[in-house]
Amino acid sequence: MSYAELCVTSNFTFLTGASHPEELIVRAIELGLSAIAITDRNSLAGVVRAYRALKELRRDMENTIRIRSQHQVDQCSRQEVGQSSPITRPDTTHLPKLIVGCRLVLRDSAVDWIALPCNRAAYQRLTRLLTLGKRRAEKGECHLDRADLLNGCSGIILIALPKDGLNDALPDIQQIQRRYPGYVFLGAAPRYNGSDRAWLDQCAGLALRASAPMVAVGDVLMHRANRRQLADVLTCMREHITIDQIGTRALPNGERRLKGHADMLRVFRDHPAALRRTLEITARCSFDMRELSYEYPDEISEGETPQARLERLTRDGLNRRYPTGAPQRVHDLVDKELKLVAELGFSAYFLTVYDIVGFARSQSILCQGRGSAANSILCYLLGITDVSPDQIAMVFERFISKHRGEPPDIDVDFEHERREEVIQWIYEKYGRHRAGLCATVIHFRSRAAIREVGKVMGLSQDVTAGLSGQIWGQSNGGADPDRIRELGLDPTDRRLAQTIRLIGEIIGFPRHLSQHVGGFVITKGRLDELAPIENAAMEDRTIIEWDKDDIDTLGILKVDVLGLGMLSCIRRAFDLMRDHEGHDLSIAAIPQEDGATYDMLCIADAVGVFQVESRAQMNFLPRMKPRTFYDLVIEVAIVRPGPIQGGMVQPYIKRRQGLEKAEPFGPALEAVTRRTLGVPLFQEQALQIAVVGAGYSAEEADHLRRSLASFRRMGTIGEHRDKFIAGMRANGYSQEVAERCFGQIEGFADYGFPESHAAAFAMLAYVSAWLKCHYPAVFACALLNSQPMGFYAPAQIVRDAREHQVEVRPICVNASHWDNTLERRADGALALRLGFRQIKGFKEEEAGWIVVARGNGYPDPESVWLRAGVAPAVLERLAEADAFTDMGLTRRDALWQVRAIRGQAPLPLFNDPIDGESIHEPHVALPLMHLGEEVVEDYVSMRLTLRAHPMELLRPTLPGLTPHDKLATAPLGRVSVCGLVITRQRPGTASGVIFLTLEDETGVSNVVVWPKTYERFRRVVMGGRLLRVTGHLQREGIVVHLIAQQIEDLSPRLSDLGHPMESAIDQTTPKTDTAPRPLPLPRATHPRDQAKRLFPSRDFH
Amino acid sequence: MWFPRLASDRVLRTHLIEGPFALTFRQANADRLHCLNTAAEQCGLHRGMSFADARAFCPDLQSQAADPIGDRRFLHVLRRWVTRYCPWVGVEGENGLVLDVTGSTHLFGSEAMMLADMRQRLVRAGLDARIGLGDTRGAAWALAHYGEGTAEAGAPHAALAGLPVAALRIEDETVIALQRLGLRTIGALERAARSPLARRFGPALLLRLDQALGRQPEQITPLVEPPHYGVRMNLPEPIGLFDDVMAGASRLLDRLCAKLKAQEAGARVLCLTLRRVDQEAQTVELRLASPLRDAIRILPLFERGVGEIDAGFGIDQIRLEAVQVEPLPVQQISHVSSGRVDQLGDLITRIGTRIGLENVQRFLPADSHIPERSFIIAAAAYSEPGEPWVAQRPRPVRLFPPEPIAGTGSRPPRQFRWRRMSLSTARATGPERIAPEWWLSDDNWRSGIRDYWHVETRQGRRLWLFYTPQNPGWFVQGEFA
């Protein structure tokens, strides 16, 4: 005898279920259940996870079940020889059947319905029913009524679960039973409250009256009883209460767990038929997710088959890309790829991407393909990417392998501001019934978990802020006891310990569904027969319930339509080039391998350059000295957590600088790692090492890659390690080499960066570097107009532009636009005019009015008010930004004048100042603003200044400092520097070392703070804005570091600038400053915020 | 008179703490610093900073939760104390007092001597105070907060001109705006033309300026003393009979109740003091279950207390005081008004006078699966009857601490001894499994989950038994009716 559990709520019923579908499956195997149905509330999202878990388990079992000693491989042909007899599986590893289904919660029914489709047609009806309910409702909701159930549920087994009383349930069940005779059952779930016998007897009575046979269900919420605490916490989150308020809403016990046959038999001892019926229902539900054969749109245009069209377009591309005739190698490659695509039937997919890219081109939206398939010669010829396969060492089989049976992957990046146009075009072309975005499951990550669990457990906000603040950077490791102690909390405190354990448990739980950034699923038939479709939070978007991994599992093709800020920036730069320089550029038209551009990168002059502008990259550039495109590809890929943790950076640099010889691990692997000097950097290389070195098949190698990505969770690395090393030994490598190889692959398991992505990014990095090198004004202007993006704040971008001899002109009411603009100077160079967008709190609409009504210019502030019709507050903001200098008004005078304008709209009688009848005021002589005040005002209004760096003003009062531009030549030894903090980072890969970047009027300095020093100057390092650092100077090439020994907080000195709001001088952004941000200080930084502040300051002056 | 650290000084007066100390105040679910001592300020902490940040900056910071109500009460205590200098004293904000010392300085010799006396006494009391003296309220405030000193009579300019504009008691927004315009001091502001200022900042700024400089009057509003609920009666001849005392009490009670009614208040605790001719005083305290001002209902409640009084040679003075008073608004009387509640209240009072009011208790429902925690016991006089009970599962009428019985296995024992009775099980229903509330650590539930059984014994008793599977054992915890 066995039992099948038909009612299981996984954690995809958000904030209710307390176990992952995978955990439920594994537990079901342990309990020996014959089947398990994952039935989430109005959702099929959890089912796919369970399906995938089962699929992987099945494959693992097939892999491991062969008897090792019977398995022999012929050394020459690498074919298996001999007989290997399958052995019978032990009972414990009998895999349960997965029943697809969901729990339908209706708006007008006293019962919940478990819906289990019997076959594919019924499944399609179920997804259409869910789509109907979801499309009707808000995001995340599903509105279904009994009428819907009566309309479209044939072929679906319906199990009624009474919610409260049994009597209310009778009419509903009878109604449905009359409509679907033979498909309706009454689910009886034990309640473990002491009255189960009576309850089950009542259920049996109801079943009799409704003529719906009774079936045993567990109404399972968790896979083991120890998840009860988590279930209670989730209840609290759902109800927005703390754990101390939960009362009887808590689970009284842990019995709503998955149970085996013996346990269920004890409960249902009086009703054995109800148990048996679970098996009968299991037998009737024959639908399997495998059946979801998915049909891609055929993309037939004008009677031309996709393959023929693809071949034709490829030929056109050959002529375009190689006007002088392509080399034979290219022809061979094209033939090979076309053959493979035809064989696998992916030609239509390539055409879809081609059409999307074609549309974007026609709308002059900049785009670039990346992803595993994107760097094929086909994509190059079709114009999907501009990286030619010659430039990198891609292997086509990596992404389209016959064995894997997995779809190719092409992501296309578009300008982030215009991606919506592309998305709507796709909806329009294929229709909403055939195209949908896939979902992204938003999981609890460390910060969210700490915040929400902390709230439930009654920790105060500052403690939770402290807990999450202690985790600098993104990690899912949960809270570390040492850090907790550091925070002044006691990790042995019972409540805190519970909280921390629960935080660890909840990390990885799905929180809600959100839309994927741009993964489109397109079908030939109806999409809603494949998966339920729901509304996204954004208007005009519809998404399916599954995320991209689920789609991969089911073998569904998707096209990624992504947004990339840098593309917007580059397009802006191209537009500016066209308007001001008369060059019509495109990514493909940028001259390649430009020496001046690489010279610039070699000296780490990379502020604003895509992907290589971060502090770590800037340190790396002068050592790497990129001279060619492939160097950039490596540069992009190597400064990442994976390669850094895998210890690949140092060997590579040594080899690159010729200090060490490349070690390619023998001739066979040399081909694989030659281009990266014997250091595996890319995911593809790891796979090839496994194939070439350890004798893996392509499929096994791919499996290795996948399990590497999850080995920390599953702990399966050991078996792979043995297999890998044994394979390498068998191919004649030494143990040491094998271990090193494996270690390196292991190192970047989590972060493996595919070469194709690196190549696509490197292309954009090159283009942006080229623009910066040759047209710094254009580049700075485009970059400023694309903010917020990248690593640096506008202040640094402006400073960098001025260092490159670009004249930067201040904001002016009579000259500026919303965007920053370029102005031609008399000597022919371009000057950058700051736009209104740099003013804090300024709206684009207001800027528009000012520009439109400008005419020949405004004579005074009042005319701006009268003609542009902007509110006085806007004028005040302009005055604060010193935008009236053009009219001969200092900032203070302008502010004085503007404050006199108080009305929202001009009064008609006093509207005409022509006759000099306007109000005459006595002259008020305001004291002149000195430079310090002006500088602070600039920061208050724009977060940048063109006048003077604060350090320049403070330097005379701070003796003994070395200016930053002297650091490169200063004698090595002890020096002191002082500057504003512009970046402050503690990378997870640097074991507690903190990197600070300080800025003074001459440049920047890089400060390294070792953990010991940090402990001593903790407060200063965390909170200071202006620091004086004394320490040892280190130089390596042109990279200069200051190892901090003494750190002093000079932030109070900023008040010497003589302005009440000196706290505005704070340039760091969350991107460049990973220090925990203090809670928003009630000390307001701007008059507009003053009213909101909490504690009035009563400082004694 | 400004007390910049009133709240922390108040706490530190009672128990001295060395080193940095701060009071924290919970706002928007975050602890922030509310008031800190000098040591803490020297560590770079400031008001409004989040407590977590403060502790990261200064790990040895000691702290305590702020008590704004207590602080306000303390300020009122100070206000009363300050009336030793002058009769007109008002409260200024949360931590200041304003005194109108016109005409009372000579009592202390001179202005300077009076200020010195104030400072000396406040320092001795452990309070940090800043005192400003001026012709106007505005000038005194400005000097207390920003300069500390005395403005010469009739010429406030000299003392005020150098002070920042913030000293004018104007909104912070205006302060910042003036500072940005370069008008930083009161002197600069005064030199500027008035009409443009009024146009830009409204009349409030100029009003404050004029008030500070004495061009506009400003009053001090002294606080009224709170009403005193006490009445007394002197008797020409001593009395000693019970009825006489009660008659006297009755007359006093009428007067007191009239006073209470006028203030819409009700007495919660009454104190009847009887002074005998030998100057001994005897007190009868009456604690009421609910606020009352109905003389007819209160009077009989005194009978017991008065009966125990030893009149000695006679009583010549009776005082009646309502020691504790609660608001009791006047209500519409209707024919359906609940006399029963009043009767219950009187009963509780009556019993309370004998056994103590706190010992009269009532059960209130509580939200928990755990039987012991599904109710709470509250003093009846200080709580309202709760919601009606909703029993999700039948619960025994009597619940007692678990009493172990012999038994093995997960089903109730057929025969067991409990309270020296030999019982045998006739019918058992269950189990109802209840797991401990994991977020609390309850010693009674150390033995883990419990399976509750409803057991009917052949002897007639219906008991509530439980079994602890994780720590095998059987217990009786309750008895059904």
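Caption draft 1: Layout of the sheet that holds strand β6 (residues 102-104) of chain A. All names here are of chain A. Read across the sheet, 5 strands follow the order β6-β7-β8-β9-β10 without closing on themselves; strand pairing throughout is mixed. The open sheet has two free edges, formed respectively by β6 and β10 (214-216), since each of these has just one partner strand. If you compare each strand with its neighbour and ignore which way they point, the axes differ by 35° on average. Bridge count for strand β9 (residues 184-188) against β10 is 3 bridges, and the pairing is parallel. Its bridge partner being in β10, Leu186 is matched across the sheet by Met214. The strands that helix α5 (residues 166-179) touches are β7 (111-117), β8 (156-162) and β9; relative to β7, the one it contacts most, it runs at about 35°. Most of the contacts of helix α6 (residues 196-210) go to β9, to which it runs at about 170°, and overall it touches β9 and β10.

Caption draft 2: Spatial organisation of the packing of helix α23 (residues 629-638) of chain A against helix α32 (residues 755-774) of chain A. All names here are of chain A. The contact between α23 and α32 brings their axes to 8 Å, and the two run at 115°. One element, α23, and the other, α32, form an angle in the roughly perpendicular class. Taken as a pair, α23 and α32 cross one another with a handedness that is right-handed. Residues Phe629, Tyr630, Leu632, Val633, Val636 and Ala637 of α23 form the contact with α32, whose own contacting residues are Glu755, Ala758, Ala759, Phe761, Ala762, Met763 and Tyr766. Partitioning the contact of α23 with α32 into residue classes produces 12 nonpolar, no polar and 1 charged.

Caption draft 3: Layout of helix α36 (residues 861-868) of chain A. Taken together, the buried positions of α36(A) are occupied by A:Pro861, A:Ser863, A:Val864, A:Trp865 and A:Ala868. Positive backbone phi, at 65°, marks A:Gly869, one or two positions downstream of α36(A).

Caption draft 4: Broad picture of the sheet that holds strand β14 (residues 421-434) of chain B. Residues and elements named next belong to chain B. Within the open sheet, the 6 strands sit side by side as β12-β17-β16-β15-β14-β13. Their pairing is antiparallel. At either end of the open sheet lies a strand with only one pairing partner, and these are β12 (398-405) and β13 (415-418). Within this sheet the neighbouring strands show an average axis-to-axis angle of 40°, counted without direction. The sheet contact formed by strand β16 (residues 462-467) and strand β17 (residues 474-479) spans 5 bridges and is antiparallel. Its bridge partner lying in β17, Leu463 is registered against Glu479.

Caption draft 5: Up close: the environment of B:Pro394. Residues and elements named next belong to chain B. By the element assignment, Pro394 lies in the loop between β11 (375-379) and β12. On the basis of relative accessible area, Pro394 is assigned to the partly exposed category, the value being 46%. Separated by 60 residues in the primary sequence, Pro394 and His454 have C-alpha atoms spaced 9.2 Å apart.

Basis of the calculations
- Residues numbered from 1 in each chain as written.
- Chains lettered and ligands numbered in written order.
- Predicted model: local features only at pLDDT ≥ 70, side-chain atom pairs only at ≥ 80, totals over all residues.
- Heavy atoms only, no water.
- Pairing = 2+ DSSP bridges.
- Helix = DSSP H or I, 4+ residues; strand = E, 2+ residues; numbered from the N terminus.
- Axes fitted to C-alpha atoms, helices over the stretch in contact; angles between N-to-C directions.
- Contact = heavy atoms within 4.5 Å.
- Parallel < 35°, antiparallel > 145°, perpendicular 65-115°, else oblique.
- Left-handed = near helix turned anticlockwise from the far one by under 90°.
- Nonpolar A, V, L, I, M, F, W, Y, C, P; charged D, E, K, R; others polar.
- Buried < 20%, exposed > 50% of the residue type's maximum accessible area, 1.4 Å probe, protein only.

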